[in-house]
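Structural overview for review
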Amino acid sequence: GQNIDQPTEMTATEGAIVQINCTYQTSGFNGLFWYQQHAGEAPTFLSYNVLDGLEEKGRFSSFLSRSKGYSYLLLKELQMKDSASYLCVGTGGYNKLIFGAGTRLAVHP
Amino acid sequence: EPEVTQTPSHQVTQMGQEVILRCVPISNHLYFYWYRQILGQKVEFLVSFYNNEISEKSEIFDDQFSVERPDGSNFTLKIRSTKLEDSAMYFCASSEARASGGELFFGEGSRLTVL
């Protein structure tokens, strides 16, 4: 089956670091993605992990452990504009993404 | 920067009517997709399209739905006989490689309201 779990909501302070966790069970694993979605807007790509380990990209990093079915997104030096939903996305097939329900992050001054 | 464009941005229709949502994918992309998001819910896969045919579709994508690439630039989603539960934001996306291999670029969405 296909199942992606992530916390519903998180809050953090501007300038801080936040880690958003995700556990997944998807058939035909081909990688794990993180997308950002601001309210009322389209999802935008943040990161892609296909091998175990940490991928760093500026203020954002993503980690994957395939044996544990676990990933996290790490956001550093939080800014107010980082307030958004963060979507953990698995691969459900050759050409299909399976989206988690998203973690709504609120960044406060 | 190239982008995926969708029209209309918002469409209101009566139950039972047919709706066509239009998308212009990024020009050098080969893979095209439709996803939908019911208000407050997760993004759901509908269909992927490659080499002028459907490559995968979800259980949601039943006979009521169809996709077409009528020319070299447009990619359309047709919903026949709309139902109230079809009300959602419909996102078109495109990619250079298959979805499991890289980034999808999403359009801004077409909000469909069925009354």
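See the structure shown above.
Residues numbered from 1 in each chain as written. Chains lettered and ligands numbered in written order. Predicted model: local features only at pLDDT ≥ 70, side-chain atom pairs only at ≥ 80, totals over all residues. Heavy atoms only, no water.

1. Notes on the interface of chain A and chain B
The interface of chain A with chain B comprises 20 residues on the first partner and 22 residues on the second. Note on chain A versus chain B: buried area summed over both sides is about 1800 Å², and carbon and sulfur give 55% of it. Looking at the side of chain A facing chain B, the largest losses of area belong to Tyr94, Asn95 and Phe99 of chain A, adding up to 34% of the total buried there. For the interface between chain A and chain B, the tally reads zero salt bridges. The interface formed by chain A and chain B contains seven residue pairs in polar contact (both at pLDDT 80 or more). When residues of the side of chain A that touches chain B are traced back to their parent elements, those giving at least two are strand S4 (32-37), strand S5 (44-49), strand S9 (84-93) and strand S10 (96-99) of chain A. (Contact = heavy atoms within 4.5 Å. Buried area = accessible area lost by both parts, 1.4 Å probe. Salt bridge = Lys/Arg side-chain N within 4 Å of Asp/Glu carboxyl O. Polar contact = N/O pair within 3.5 Å; in protein donor to acceptor, adjacent residues only side chain to side chain. Helix = DSSP H or I, 4+ residues; strand = E, 2+ residues; numbered from the N terminus.)

2. Structural notes on the pattern of salt bridges
When charged atoms on two side chains of opposite charge get close, those side chains can pair. Residue and element names in this part refer to chain A. Under the counting rule described, the total for this entry stands at five salt bridges over all chains. Ionic pairing is found between glutamate 56 and lysine 76, a salt bridge with its closest N-O pair at 3.6 Å. Here glutamate 56, found in strand S6 (residues 53-57), pairs with lysine 76, found in the loop between strand S8 (70-75) and S9; they are 20 residues apart in sequence, far enough to count as distant. Judged by relative accessible area, which is 57%, glutamate 56 ranks as exposed. (Buried < 20%, exposed > 50% of the residue type's maximum accessible area, 1.4 Å probe, protein only.)

3. So, the pairing of strand S8 (residues 75-79) of chain B
All names here are of chain B. Counting buried positions over the five residues of S8 gives four, a clear majority of the element. Bridge count between strand S3 (residues 19-24) and S8: five bridges; the pairing is antiparallel. Bridge pairing in S8 places valine 19 opposite isoleucine 79. Here four bridges tie strand S7 (residues 65-68) to S8, and the two strands are oriented antiparallel to one another. Bridge pairing links phenylalanine 65 to isoleucine 79 in S8. (Pairing = 2+ DSSP bridges.)

4. Remarks on the side chain of threonine 76 of chain B
All names here are of chain B. Summarising the element assignment, threonine 76 is placed in strand S8. Judged by relative accessible area, which is 10%, threonine 76 ranks as buried. If sequence neighbours within four positions are ignored, threonine 76 has contacts with Ile20, Leu21, Arg22, Trp34, Ser66, Val67, Glu68 and Pro70.

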